[in-house]
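# Breakdown of the fold
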Amino acid sequence: MATTETQFMSSVGLIEKDVNGDTLWVWCYPSVDSRLRQVLLSKCCLTQQGRDFHTFVFGQFCRTWYYITTVEVQEPTALNKVTHFSTVVTAKDFNPEKYAALSRILCRMYVKHGTPVKMMEAYLTVLIKGICQSDENGSFLIKDYDVRKAYLAGSIKDVVSQFGMETIILYTALMLKKRIIVHHPRIEALLEFTRALPALTWHRKDWSILHPYVHLSDTELEDLQNCPGYIAGFVDPEVSNRSDLFDVYVNLPDSFITVSQSAKEAMAMGKLHKEVGHLIVQSAEDPERSDSQVIKDISIKTKEILANLLALADKCEDSKITLEGLKQHHFPAATENFLFHLAAAEQLLRI
Amino acid sequence: MEEVDRILIHALNQIGTEVSEEIGSVSQFSSELIVKAVVRCVQVIDPGLGSALPSSLPPGMSARFRVGMSLAQACQDIGYKGEIGYQTFLYSNEPEIRSLLMFLVEKLPRESAETSDQPTGKSVVLQRAIAAAIKAQLSVPWLPVNCRLPLHTETQSAGALYSFHALPLSLSHSSKGPNKKHLKEVKDYQRDFLLPVTAQLSHHASLAASILEQHSTVLSAAQEWDSEWNNQGLLSRLTPQEYRSRKLTRLRKRIKEQLRSTALPSPESAFGSCHSSTDLCELLQSFSNSAPSDHILTKGTHFTHTQKFTFEQESATVTSSVPTGHQSDGDTQHRQQEELASLQQQLQQLCGDVDQLTADMKHMSVTNTQVLNELKQKELTNNEEEDKIQMKKKTLDCLPDTDNSLVKLQALVEASAKRLVNLASQWEKHRAPLMDEHRRLKEICSNQDLESSRKLSEIKSMHEKIRVSTEEARKKEDMYKQLVTELENLSQDVSRSAYTQRILEIVSNIKKQKEEITKILSDTKDLQKEINSLTGKLDRTFAVTDELVFKDAKKDEAVRKAYKYLAALHDNCNQLIQTIEETGTILREIRDLEEQIETENGNKTIANLERILEDYKAIRQENAALAAKVREG
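Computed from a predicted model, the values in this text were never measured in an experiment.

## Brief notes about the overall build of chain A
Tallying secondary structure elements over chain A gives 14 helices and 12 strands in all. The 351 residues of chain A split such that 55% are buried. As displayed, chain A offers around 15000 Å² of accessible surface, 51% of which is attributable to carbon and sulfur atoms.

Here is the structure:
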């Protein structure tokens, strides 16, 4: 419903870069606490030393999603002494397309009028009514942007085409709620890749594990480590040395995946995994199936496995699985191990 | 000429030829003296050539003749370009002798020029002294131990050798920087208890080494700090303390990163543990315990403990089997078997326990994660539910009067929105000028930065200049001191200032003369030009007149006479001019001849000729005597 969805928006902020080369946080509504502000300033490409200009980046910090749109100021404009600026929208939900569109409108307003008051008016109308007039034809409606569309916007086929059979490692890690770190020097590629990964565990529809843009700073890493399992994207190649932060490390430009020593035992794979891996690859390689169909296939298989697990749980008392219970079924070692850990992840294990 | 002669005599005295006090000029040199002087010069210039020559003129005529020839040859070998032969020495004349002696004196090797080429300074003097001392010591031949005189023990025995071993010293000024506050206790300790440097060391021989080490450390640290501060510190625009503290934090961070990157892989490979130890102490402990130790159970996993247990048990069994080998066989075997069985039982039990524990731990960790997950999720759902409850409560309150409430709510919302926008615009009125002010000030600041960086670069160049100037000043002072000492040591026989004055006078005279000569030359040129033009004019006029008159002369008698007179006049005048010219040339010849007569007169030719005749007669007599001797013997 439109009303509840608008409750997701938390704040809007403005970062400007002026002719002196300073990047400053100049305005926000209603308020942004200083820790988040620091993080947002570090994420904005205007503060970074490199000349890379990223039009749109998003990420998560402390369970808040932030969406940063950066614009270069060009004539004619009411702004003086400003060369670039970024609009930051923070929200509780994951929907990059929605907030990108909203940010674009806000940016255009700001460039045209030179004052954030107009921006705020637009923001308030969206907040209250869920609709906003934009300068181009038409208007911005929140209900045009369904969250499912955001979830499905990532391309799982690309993931499978890049890693082939190794996608099963990612699948296993996600199913067992492990920590995955992805590295790519370019943020756009990182965002695109990581947002597709939670679709492998479609039955959970949990994108809160996704932290697509993280820097190696203490505040962010602390927040990251509060989550038990996550998908984190790093632009900094140094992260490969931080083996305390990950169970699976994905080097995107070179296309290889490594499993860290500490997680090798839990991630042991067997016949079951091979089966699932084949299914994923086959489904993705089929040119006639779209991304959503591939995701559906994978989720069907996942549901099968979970149904089996539930069946096993029902057989035991109080519907909880124990290791002894599993051992009685004489599964092969890897499958037994996987099911055991999966039960823990799905909270089916007896404590 | 006097000064030249004085200089020559002085130079000859210096190289070793004895010239008596009375002789004041070269014209007074006798043949013997000339020969002695020339031989000495040649010996000094070129010892190889000079060794073959006798130092004085022998009595016999033929011998004299031979000596003269060899001396002439030697002089030519040295490089004298003028005409030289035995007659120059035996039958000398003043100008030739003077030029020869001047050439030889100039060729004399100059010691003073060499010393001025060498680098100046006290350190160089010291080095030269050290080099000389070492050379002297090396030149002393090595003798075996028994033959050594006390003179040699200092340089040839091994007892004098000490290795360079520096020990730490405690000096009262060893703390960094004059600004550091000295605590009263430290000062008291330094005053009352701190031993002097010579007493601080256990081994006296290392005193020099320790002091050198200490001083060079402090000096090099100070120099490095100076250079770093001048290059980077000033540019960073921090105070020295800030700069130092920043450097310290930067270095610490690097060390931490390095340790972390190198430390992490090894514990995992050594233990295969599930938990990577973040505590640095544990990390370091794990390095020292990487070899399995029997007694200490380090922080590892159950797997490694199992490993260690099995190995221990095996080693225990091995060791236990060895000492029992000495006792009687049957008894021992029985006992051994009993022991073995019990130990094996124990082992199995322990293995079982360990396995159980392992499984438990694994189970625990997995369930732990599950519970934590559950907890987190529950918390989140709790929060969400709370918010929902709040919302629902408020809606419930509004529920009885839905329509009104809805309208009221909408109105409220719109009013709030309007108020917010109003507040925002008010805030904007305050914010915008502040932002502008901020930017303006930042611009001024950056301009000032440019200024200050420019000034910094100026300061740097000033430092450079100061350094270079101090170097030069030091060098010049050293050179000045050395030259002053040299000047004092120089002999006072010949006064340099008189020479330099005369030289300057002569130079100015020559300049004046040159000016006069050029004037005369220009005058002569002008005269010659005038003469040429007049002659030309004359010829042309005569030609014209001649023609004119000749034309009329054919007709008129008087004109013919006039023509004859004209021709005669022209001829006579020509003759006059010729005579004048001849007179001039003859006068010039007279002058030249007079000059030649003067030079010839100086040659004392007559005296020489007489001597030659005498010597010739003497040689003939000698020849006759020698021939007679040969015929007899």
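Next comes the rest of the write-up.
## Overview of helix α12 (residues 291-315) of chain A
All names here are of chain A. For α12, built from 25 residues, the straight-helix expectation of 36 Å at 1.5 Å per residue is met to within 8% by its first-to-last C-alpha distance of 37 Å. Looking only at α12, the buried set comprises V294, I295, D297, I298, S299, K301, T302, I305, L306, L309, L312 and A313. Turning to α12, the residues buried within the fold contact α5 (147-152), α6 (156-163), α7 (167-175), α11 (271-285), α13 (323-328) and α14 (333-345).

## Notes on the sheet that holds strand β12 (residues 256-259) of chain A
All names here are of chain A. Read from one edge to the other, the open sheet built from 5 strands follows the order β9-β10-β8-β11-β12, with strand pairing classed as mixed. The two strands at the open ends of the sheet, each matched to only one other strand, are β9 (210-214) and β12. Neighbour-to-neighbour, the strand axes of the sheet open up by a mean angle of 20°, direction not taken into account. In terms of strand pairing, strand β8 (residues 179-183) meets strand β11 (residues 248-251) through 4 bridges, oriented parallel. Bridged to H183 within β11 is N251.

## Observations concerning the interface of chain B and chain A
With 34 residues of chain B at the interface, the matching set in chain A holds 42 residues. With both sides pooled, the region where chain B packs onto chain A buries about 3300 Å², and carbon together with sulfur makes up 59% of that total. Three residues, Q370(B), N373(B) and R439(B), lead the burial of chain B against chain A; their summed loss comes to 19% of the area buried on that side. Applying the counting criterion to the chain B and chain A interface returns 5 salt bridges.

## Quick notes on α11(A)
Residue and element names in this part refer to chain A. Here α11 spans 21 Å end to end across 15 residues, near enough to the 21 Å set by a 1.5 Å rise per residue. Every buried residue belonging to α11 is among L272, H273, V276, G277, I280, V281, S283 and A284, and all of these are buried. The buried side chains of α11 occupy one side of the element, clustering within an arc of 165° when seen end-on. In this structure, α11 carries K271, K274, Q282 and E285 as exposed residues pointing more than 90 degrees from its buried face. Residues of α11 that are buried make contact with α6, α7, α12 and α14.

## Overview of the packing of α12(A) against α14(A)
All names here are of chain A. Taken N-terminus to C-terminus, the directions of α12 and α14 make an angle of 85°; their axes are 11 Å apart at the nearest point. On the basis of their axis angle, the class for α12 and α14 is roughly perpendicular. Two secondary-structure elements touch here, α12 through I305, L306 and L309 and α14 through L339, L342 and A343. Considering only residue class, the contact of α12 with α14 consists of 6 nonpolar, no polar and no charged.

## Notes on the confidence of the model for chain B
Residue and element names in this part refer to chain B. Per-residue confidence for chain B gives a mean pLDDT of 80; residues scoring 70 or more make up 82%. Here residues 112-117 is a poorly scored stretch, pLDDT under 50, and it has 1 contact once near neighbours within four places are set aside; other chains count. At the level of chain-chain contacts, confidence expressed as ipTM amounts to 0.80, with global pTM at 0.58.

## Brief notes about unusual backbone geometry
Residues and elements named next belong to chain A. Looking along the chain, the bond that leaves Y29 and enters P30 is cis, with omega of -15°. For K81, which is not a glycine, the phi torsion comes out positive at approximately 70°. Within the element layout of this structure, K81 appears in the loop between β4 (64-72) and β5 (82-91). Residue classification places K81 among the partly exposed residues on the basis of a relative accessible area of 31%.

## Section: the UniProt feature "coiled-coil region" (unreviewed entry) in chain B
Following the UniProt record, one finds the feature "coiled-coil region" (unreviewed entry) at residues 473-530 and 590-629 of chain B. What you have in residues 590-629 of chain B is 95% helix and 0% strand, and the ends, taken at the C-alpha atoms, are 56 Å apart.

## As for the pairing of strand β10 (residues 230-234) of chain A
All names here are of chain A. Of all 5 residues in β10, 5 are buried, a share of seventy percent or more. Neither face of β10 is left uncovered, since the one carrying Y230, A232 and F234 and the one carrying I231 and G233 both have all their residues buried. Sheet topology note: the β8/β10 ladder contains 5 bridges and is parallel. Within β10, the residue paired with H183 across the bridge is F234.

## Points about a positive patch on the surface
Residue and element names in this part refer to chain A. Among the surface-exposed residues, R148, K205, K296 and K303 lie close enough to one another that they form a single positively charged patch. Note that K296 resides in helix α12. Residue classification places K296 among the exposed residues on the basis of a relative accessible area of 55%.

## Observations regarding a negative patch on the surface
Taken together, E589(B), D592(B), E594(B), E595(B) and E598(B) make up a surface patch of like negative charges. Overall, E598(B) belongs to the exposed group, its relative accessible area being 63%.

## Focus on the environment of L310(A)
Assignment of secondary structure puts L310(A) in helix α12. Its relative accessible area of 43% is what places L310(A) among the partly exposed residues.

## Looking at the pairing of strand β3 (residues 56-61) of chain A
Residue and element names in this part refer to chain A. Along β3, 5 of the 6 residues are buried, which leaves the element largely enclosed by surrounding structure. Note that β3 and β4 share 6 bridges and pair antiparallel. Counterpart to G59 in the pairing with β4 is Y66. The turn linking β3 back onto β4 is made up of 2 residues, and C62 within it adopts a positive phi angle of 50°.

Conventions and cut-offs
- Residues numbered from 1 in each chain as written.
- Chains lettered and ligands numbered in written order.
- Predicted model: local features only at pLDDT ≥ 70, side-chain atom pairs only at ≥ 80, totals over all residues.
- Heavy atoms only, no water.
- Helix = DSSP H or I, 4+ residues; strand = E, 2+ residues; numbered from the N terminus.
- Buried < 20%, exposed > 50% of the residue type's maximum accessible area, 1.4 Å probe, protein only.
- Areas by Shrake-Rupley, 256 points an atom, 1.4 Å probe, with all protein chains shown as cover.
- Expected span 1.5 Å × (residues − 1).
- Contact = heavy atoms within 4.5 Å.
- Pairing = 2+ DSSP bridges.
- Axes fitted to C-alpha atoms, helices over the stretch in contact; angles between N-to-C directions.
- Buried area = accessible area lost by both parts, 1.4 Å probe.
- Salt bridge = Lys/Arg side-chain N within 4 Å of Asp/Glu carboxyl O.
- Arc of directions from axis to C-beta.
- Parallel < 35°, antiparallel > 145°, perpendicular 65-115°, else oblique.
- Nonpolar A, V, L, I, M, F, W, Y, C, P; charged D, E, K, R; others polar.
- pLDDT = per-residue confidence, 0-100.
- UniProt positions renumbered as here; feature names shortened; annotations may be inferred.
- Patch = residues over 30% accessible without salt bridge, like charges linked within 9 Å, V, L, I, M, F, W, Y side chains within 5 Å.
- Lys, Arg positive; Asp, Glu negative; His and termini not counted.
- Charge placed at Lys NZ, Arg CZ, Asp CG, Glu CD.

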